[in-house]
Amino acid sequence: MEQTGALFVVSGPSGVGKGTIIKNALERLSGRDDIQVALSVSVTTRAPRPGEIDGVHYHFISREQFFELLEKGELLEYTKYAGNYYGTPVKEVEDRVRRGVHVLLDIETAGAMEVKKNWPQAVLCFILPPSMEELERRLRARGTETEESIARRLEIAENERAKAHLYDYQILNDTLEEAVDQLVNVLLSWNQKKGKREAN
Ligand code: ADP
Ligand code: 5GP
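What this report covers is the structure whose coordinates are included nearby. Everything numeric here is computed off the predicted structure, so don't read it as measured data.

About the criteria used
- Residues numbered from 1 in each chain as written.
- Chains lettered and ligands numbered in written order.
- Predicted model: local features only at pLDDT ≥ 70, side-chain atom pairs only at ≥ 80, totals over all residues.
- Heavy atoms only, no water.
- Buried < 20%, exposed > 50% of the residue type's maximum accessible area, 1.4 Å probe, protein only.
- Helix = DSSP H or I, 4+ residues; strand = E, 2+ residues; numbered from the N terminus.
- Pairing = 2+ DSSP bridges.
- Axes fitted to C-alpha atoms, helices over the stretch in contact; angles between N-to-C directions.
- Contact = heavy atoms within 4.5 Å.
- Near = heavy atom within 4 Å.
- Polar contact = N/O pair within 3.5 Å; in protein donor to acceptor, adjacent residues only side chain to side chain.
- Areas by Shrake-Rupley, 256 points an atom, 1.4 Å probe, with all protein chains shown as cover.
- Nonpolar A, V, L, I, M, F, W, Y, C, P; charged D, E, K, R; others polar.
- Core = buried A, V, L, I, M, F, W, Y, C linked by side-chain atoms within 4.5 Å.

**A word on the pairing of strand S5 (residues 75-81)**
Burial analysis of S5 places five of its seven residues in the buried class, the great majority of the element. Strand direction decides the pairing type here: S5 and strand S6 (residues 84-89), joined by six bridges, are antiparallel. Looking at S6, one finds that Tyr81 is bridged to Asn84. As consecutive antiparallel partners, S5 and S6 are separated by two residues, and within that stretch Ala82 has a phi angle of approximately 45 degrees, a positive value.

So, in structure tokens, the structure goes:
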């Protein structure tokens, strides 16, 4: 019997609500025995924000450690974003997928395209803000970024938004519950397809 989980990429501009939607979707699915979904924990050279826990939100590492992982081929993809490096540890993803667990990647657009190239079956979801004004409001309301970081993230957001059409699904995060519903539905429908393949 095939036991392969799928890879789901979630991208979207900083502050759009990716982390919040993913957290809610995982909570919604956690009690079910027909689907197992896990969030991949990336490595980053960015400093932790207040409240972020090493090993939970990210593995916080030095630049030296990052380049060592890269050289050893231990990253599925990586990128430089707003001056810091981010990457997806490949082993964790492969182990889970082999056990039939679906894996969610919260990564930016360049990394997403890299994943699609190396892993063509990956399902790509792009989260859209209702407007750029609302995106800026959310980024400020989160209270985690300096003015400089907010400006940089909004600048990157313009380029990211232009990539939305390359994704399999576009999810508007206006009302949080509706956006969570949509991501959960994507996960459940792909899980059903997997179930059908196993039954055949
Ligand atoms: P990202 O992971 O995309 O950077 P976050 O999940 O950290 O974004 O969300 C950014 C901020 O926006 C948080 O303060 C979060 O509570 C808020 N937020 C998320 N979704 C919504 C929504 N639908 N409406 C209003 N605020 C939201
Ligand atoms: P943040 O600093 O807000 O946590 O993340 C900044 C951006 O980096 C977000 O768009 C997030 O999705 C992305 N990101 C986080 N981890 C990774 C990763 O491992 N690879 C790539 N390519 N992007 C990542």
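Next comes the rest of the description.
**So, the sheet that holds strand S2 (residues 37-39)**
The strand order S2-S7-S1-S8-S9 describes an open sheet built from five strands, whose pairing is parallel. Of all strands in the sheet, those bounded by a partner on one side alone are S2 and strand S9 (169-172). The sheet shows a mean angle of 25 degrees between the axes of neighbouring strands, direction not considered. Together, strand S1 (7-11), S2 and strand S7 (102-106) form the strand contacts of helix H3 (residues 90-98), whose direction differs from that of S7 by roughly 150 degrees. Of the strands in this sheet, S1, S7 and strand S8 (123-128) touch helix H4 (residues 109-118), which is tilted by about 160 degrees from S1.

**Points about the sheet that holds S6**
Taken together, the four strands give an open sheet; going across it, the order is S4-S3-S6-S5, and neighbouring strands pair in mixed fashion. The sheet is open, and its two edges are formed by strand S4 (59-60) and S5, each paired on a single side. The pairing of strand S3 (residues 43-44) with S6 spans two bridges and is classified as antiparallel. Along S6, the bridge assignment pairs Thr44 with Tyr86.

**A word on the site of ligand 2**
Neighbouring ligand 2 are 16 residues, the closest being Ser42, Arg46, Tyr58, Tyr86 and Asp106. Within the side chain of Glu77, a nitrogen or oxygen atom sits 2.7 Å from a nitrogen atom of ligand 2. In the model, an oxygen atom of ligand 2 is placed 2.7 Å from a nitrogen or oxygen of the Arg153 side chain. Alone, ligand 2 offers 510 Å² of accessible surface; in the complex the protein occludes 96% of this. Put simply, the parts of the chain that give the shell around ligand 2 at least two residues each are S5 and S6. Across the shell around ligand 2, the residue classes tally to four nonpolar, five polar and seven charged.

**Notes on the nonpolar core**
Of all hydrophobic cores here, the largest spans 27 residues; its most connected members are Phe8, Leu104, Leu183 and Leu187. Listing elements by their share of this core, those giving two or more residues are S1, helix H1 (18-29), S8, helix H5 (132-142), helix H6 (147-161) and helix H7 (176-199). In terms of residue count, H7 provides more of this core than any other element does, six residues in total. Residues in contact with Leu183, not counting those within four places in the same chain, are Val10, Ile21, Ile22, Ala25, Cys125 and Ile171. Ala112, Val115, Phe126 and Tyr167 belong to the second-largest nonpolar core, a separate cluster that totals 17 residues.

**Observations regarding the site of ligand 1**
Among the 13 residues in the neighbourhood of ligand 1, the closest are listed as Gly15, Lys18, Thr20, Arg142 and Asn173. Between ligand 1 and the protein, one listed contact pairs an oxygen atom with a backbone N or O atom of Val16 at 3.4 Å. Here Arg138 contributes a side-chain N or O atom positioned 3.3 Å from a nitrogen atom of ligand 1. Burial of ligand 1 by the protein amounts to 75% of the accessible area it has alone, namely 570 Å². Breaking the shell around ligand 1 down by element, the ones donating at least two residues are H1 and H5. Among the elements that take part in the shell around ligand 1, H1 stands out by supplying three residues, more than any other. Its residues placed into classes, the shell around ligand 1 shows three nonpolar, six polar and four charged.

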